[in-house]
Amino acid sequence: HAIEKRDGRVGLCPFCRTPAPTSGEEIIERMQKRIEVVNDTNAIYNLGCNYYHAAYGQPQNRAKALELWHRAGELGSATSYYLIGVVYDLGEGVGRDEKKATYYYELAATESREMARHNLGMSEGRAGNIDRALKHFMIAAGFGEKASLEKIKEMFMAGEATKDDYAKALQAYQANLVEIKSHQRDEAAAAHEIYKYY
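An account of the accompanying structure is given in this report. (Residues numbered from 1 in each chain as written. Predicted model: local features only at pLDDT ≥ 70, side-chain atom pairs only at ≥ 80, totals over all residues. Heavy atoms only, no water.)

1. A short note on the nonpolar core
Residues L47, W69, Y82, I84, Y105 and A116 are the most contacted members of the largest nonpolar core, which totals 29 residues. Among the elements of the structure, α2 (24-38), α3 (41-53), α4 (62-74), α5 (78-90), α6 (98-110) and α7 (114-126) are those that each provide at least two residues to this core. With seven residues, the top contributor of residues to this core is α3. Residue contacts for L47: discarding those within four places in its chain leaves I28, M31, Q32, I35 and L68. (Core = buried A, V, L, I, M, F, W, Y, C linked by side-chain atoms within 4.5 Å. Buried < 20%, exposed > 50% of the residue type's maximum accessible area, 1.4 Å probe, protein only. Helix = DSSP H or I, 4+ residues; strand = E, 2+ residues; numbered from the N terminus. Contact = heavy atoms within 4.5 Å.)

2. Re the pattern of salt bridges
Taken as a whole and judged by the stated rule, the model has 11 salt bridges. Here R126 makes a salt bridge to E98, at a shortest N to O gap of 3.7 Å. Of the two residues, R126 is situated in helix α7 and E98 in helix α6; the sequence distance between them amounts to 28 residues. On the basis of relative accessibility, which here comes to 48%, the residue R126 falls in the partly exposed class. Among the ionic pairs, K168 bridges to D164, the shortest N-O distance being 3.4 Å. With K168 and D164 both in helix α10 (residues 163-180), this residue pair falls four residues apart, about one helical turn. If you follow the salt bridges from partner to partner, you end up with D89, R96, E98 and R126 in one network. (Salt bridge = Lys/Arg side-chain N within 4 Å of Asp/Glu carboxyl O.)

3. Observations regarding the side chain of D89
Considering the arrangement of structural elements, one finds D89 in helix α5. Take D89: its relative accessible area is 12%, and that puts it in the buried class.

4. Some remarks on the environment of A172
Tracing the chain through its elements places A172 in helix α10. In contact with A172, not counting residues within four places along its chain, are A141 and G142.

5. Some words on the packing of aromatic side chains
Per the stated rule, a full pass over the model turns up five aromatic pairs. With 5.3 Å between their ring centres and 35° between their planes, Y52 and W69 make a pair best called tilted. Residue Y52 is located in helix α3, and its partner W69 is located in helix α4; the two are separated by 17 residues in the primary sequence. Take Y52: its relative accessible area is 7%, and that puts it in the buried class. Overall, W69 belongs to the buried group, its relative accessible area being 2%. Arranged with centres 4.9 Å apart and planes meeting at 80°, the rings of Y103 and Y104 form a pair that is edge-to-face. Y103 gets classed as partly exposed once you look at its relative accessible area, which sits at 45%. Put simply, the rings of Y81, Y88, Y103 and Y104 pair up and form one aromatic cluster. (Phe/Tyr/Trp six-rings, centres within 6.5 Å; stacked < 30°, edge-to-face > 60°.)

6. Regarding α4
Because each turn of an α-helix spans 3.6 residues, side chains separated by three or four positions end up pointing in the same direction. The terminal C-alpha atoms of α4, which comprises 13 residues, lie 18 Å apart, in line with the 18 Å expected from a rise of 1.5 Å per residue. Structurally, α4 contributes buried residues whose contacts are with α3 and α5. Phi turns positive one or two residues past the end of α4, at G76, with a value near 115°. (Expected span 1.5 Å × (residues − 1).)

Spelled out as structure tokens, the structure:
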């Protein structure tokens, strides 16, 4: 959002003040340089996304995407582990494997990736482990995952969670919103839908 907001210098990197890349080829070149020079986790993750979605001139290669996401995950990218879990959960480019999906969701969840925690709750719910599902949803809601809060509400309506469970989840969710609220976040949320955090 900061790059979008800069007056007269839109497109400059906020860190190095160089112009933004103008082609997909240049974007990939910069990512590869960051990977070579500093083993940049975000660049490895993003390059994996580009292979997965065939973006910026990269051929679609889901095996290469998984390889890059594994590498980024080993360097600390919870989001990479989360996406590996999604790939196995949906069976996109690999055989559907709920055990592997759960394993990678658990890795991502240990790094506080709230959507991974939510997906663990969904997996546990499908397996009939309602108490475990509720625990995952409670943790995710406390980290601001609205879908988990809604799931707890559904569980309450179905008699699978108590009124107290829902109240605690709502209170934790609202406390998270208060904690992360800032003028800058509000500006970003007003600028574009993708920046909404509430």
